[in-house]
Amino acid sequence: MASVGTALRELRGAQKSAKGVSLYSRFVNRPAGRYLAAGSYALGLSPNQVTLVSAAFSFAAVGAVALVAPSWGLGIAVWAALAVGFAFDSADGQLARLRGGGSAAGEWLDHVVDCAKLTALHTCVLLAFYRFPEEYGTAGDGWLLVPLGFQFAAVVTFFGGLLTEKLKPKAAPGSPAAAPSTVRAVALLPVDYGVFCLVFLLLGGGAMFRWAYAGLGAVAVLFLLAFLAKWFRELSAVRR
């Protein structure tokens, strides 16, 4: 089995294009995932096992949001578990490329876990708002609609982006990849999952978390509308 150092050197030349990726994913999550992928490769783990490790960290954090009263300590623990889970989510694909390519079943598992994670996370925020109204200041039922709206925007964006990539014609083999745009990478930061995870650091602040979460939810809805218009325009030119 290759060493971690050897795996890291091979992974540097096996990275996906940075086009359409935010600065956080490009400079934080993918590099962290590269180290985790190299370590997983040295330990003999499969990409599917790494996906399940990602799920374990993510769902532990999700469950804590719904079940534990908010505090600053909880916020740090939830953010750390979500961030580690996100890094392992990047690592499974990198590990698959390092091992010579992934499988259809592995890609299916990865996307199912991602969708389940998004759905569960916003559901558990709704449960937290319901179970701890005094701590979050969510005594009014209207606040329970915020996680539902955020969940709707997140899931439709996830599904719409995934389906668009499947329906768009693939680039010809050997064609040069488009250079990543720094402006686009910065613009995508508000809807990057890793940036979203940072809001949980405010769990101990009660109302601060509520307003920061609601603000990101409003941004997610605006981005969804922009994405839908862009994807529909791109696919309108595709003939099947």
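Residues numbered from 1 in each chain as written. Predicted model: local features only at pLDDT ≥ 70, side-chain atom pairs only at ≥ 80, totals over all residues. Heavy atoms only, no water.

### Looking at the overall build of the chain
Basically, it comes down to this: Comment: elements are numbered from the N terminus, with helices defined as DSSP H or I runs of at least four residues and strands as E runs of at least two. Note that the radius of gyration is over C-alpha atoms, with the globule rule given as 2.2 Å times the number of residues to the power 0.38. Only protein chains enter the accessibility calculation, which uses a 1.4 Å probe; a residue whose area is less than 20% of its type maximum is buried, one above 50% is exposed, and one in between is partly exposed. Two residues qualify as a contact provided that any one of their heavy atoms is within 4.5 Å of a heavy atom in the partner residue.
Summing up its helical and strand segments, the chain has ten helices and zero strands in all. Walking the chain from its N terminus toward its C terminus, one meets helices and strands in the order α-α-α-α-α-α-α-α-α-α. In summary, the chain has a C-alpha radius of gyration of 19 Å against a globular reference of 18 Å for 240 residues, a match within 12%. Here the chain holds 240 residues, and the buried ones make up 40% of them. Nonlocal contacts in the chain, meaning residues at least 24 apart in sequence, comprise 83% of its contacts between residues at least 6 apart.

### A look at the pattern of salt bridges
For side chains of opposite charge, pairing can occur when their charged atoms come near one another. Here is the rule: Salt bridge, as applied in this entry: a Lys or Arg side-chain nitrogen positioned within 4 Å of an Asp or Glu carboxyl oxygen.
Going through the model one piece at a time under the given rule, you end up with five salt bridges. Taking the shortest distance from any N to any O, the salt bridge between Lys168 and Glu234 comes out at 3.7 Å. Highlighted residues: Lys168 in the loop between helix H7 (145-167) and helix H8 (182-187) and Glu234 in helix H10 (residues 207-236), separated in sequence by 66 residues. Between Lys230 and Glu234 there is a salt bridge, with its nearest N and O atoms 2.7 Å apart. On the criterion of helical spacing, the pair formed by Lys230 and Glu234 is a turn pair, its members being four residues apart in helix H10. On the accessibility criterion, Glu234 (26% relative accessible area) is partly exposed. Each of the salt bridges in this network shares a partner with another, and the network as a whole consists of Asp89, Asp114 and Lys117.

### A look at the confidence of the model for the chain
The condition that has to hold: Per residue, pLDDT measures the predictor's confidence, with a range of 0 to 100.
Looking at the chain as a whole, the pLDDT averages 90, with 90% of positions reaching at least 70. Across the chain, the element-wise mean pLDDT spans from 69 in helix H1 (residues 4-12) up to 97 in helix H3 (residues 47-67).

### Focus on the state of the cysteines
Basically, it comes down to this: Here, two cysteine sulfur atoms that lie within 2.5 Å of each other are counted as a disulfide.
Scanning all chains against the criterion turns up zero disulfides. Residue Cys115 stays outside any disulfide, its sulfur separated by 15 Å from that of Cys124, the closest cysteine. For the unlinked cysteine Cys197, the closest cysteine sulfur is that of Cys124, found at 14 Å.

### Here's the deal with a nonpolar patch on the surface
Short version of the rule: Residues enter a patch when their relative accessible area is above 30% and they make no salt bridge; the linking distance is 9 Å between like charges and 5 Å between nonpolar side chains (Val, Leu, Ile, Met, Phe, Trp, Tyr). Per-residue and other accessible areas follow the Shrake-Rupley method at a 1.4 Å probe size, with only the shown protein chains counted as cover for residues.
Side chains of Phe159, Leu163 and Leu167 sit close together on the surface and give an oily, nonpolar patch of about 260 Å² of accessible area. Along the chain, Leu163 falls in helix H7.

### Quick word on the environment of Ala185
Within the secondary structure, Ala185 is located in helix H8. Assessed through its relative accessible area of 1%, Ala185 is described here as buried. Along the sequence, Ala185 and Ile76 sit 109 residues apart, while their C-alpha atoms lie 26 Å from each other. Dropping the residues within four chain positions of it, Ala185 is found in contact with Val21, Ser22 and Leu23.

### Some details on the packing of H3 against helix H4 (residues 72-98)
Selection criterion: To obtain an axis, a line is fitted to C-alpha atoms, over the contacting stretch when the element is a helix, and the angle between two such axes runs from 0 to 180 degrees between their N-to-C directions. Angles below 35 degrees are treated as roughly parallel, those above 145 as roughly antiparallel, those between 65 and 115 as roughly perpendicular, and all remaining angles as oblique. With the far helix as reference, a near helix turned anticlockwise by less than a right angle produces a left-handed crossing, and one turned clockwise produces a right-handed crossing. By the convention adopted, Pro, Cys, Tyr, Trp, Phe, Met, Ile, Leu, Val and Ala count as nonpolar, Lys, Arg, Asp and Glu as charged, and the other residues, Gly among them, as polar.
Here H3 crosses H4 at 160 degrees, and the two axes come no closer than 8 Å. The angle between H3 and H4 falls in the class roughly antiparallel. The hand of the H3/H4 crossing is left-handed. Side by side, H3 and H4 meet where Pro47, Val50, Thr51, Val53, Ser54, Phe57, Ser58, Ala61, Ala64 and Val65 of the first sit next to Leu74, Val78, Ala81, Leu82, Val84, Gly85, Phe88, Asp89, Ala91, Asp92, Leu95 and Ala96 of the second. Considering only residue class, the contact of H3 with H4 consists of 16 nonpolar, four polar and two charged.

### Side note on the environment of Val4
Along the polypeptide, Val4 turns up in helix H1. Classification of Val4 by relative accessible area gives partly exposed; the value is 36%. When the C-alpha positions of Val4 and Tyr136 are compared, they lie 44 Å apart, and in sequence the two are 132 residues distant. The contact partners of Val4, leaving out residues within four places of it in the chain, are Ala38, Gly39 and Ala42.

### Some thoughts on the nonpolar core
Operational definition: By convention a nonpolar core is built from buried Ala, Val, Leu, Ile, Met, Phe, Trp, Tyr and Cys residues, the set being connected through side-chain atoms within 4.5 Å.
Of all hydrophobic cores here, the largest spans 35 residues; its most connected members are Val78, Tyr193, Phe196, Phe200 and Phe209. Every element with two or more residues in this core is listed here: H3, H4, helix H5 (104-131), H7, helix H9 (193-197) and H10. Ala37, Val50, Leu95 and Leu98 belong to the second largest nonpolar core, which has seven residues in total.

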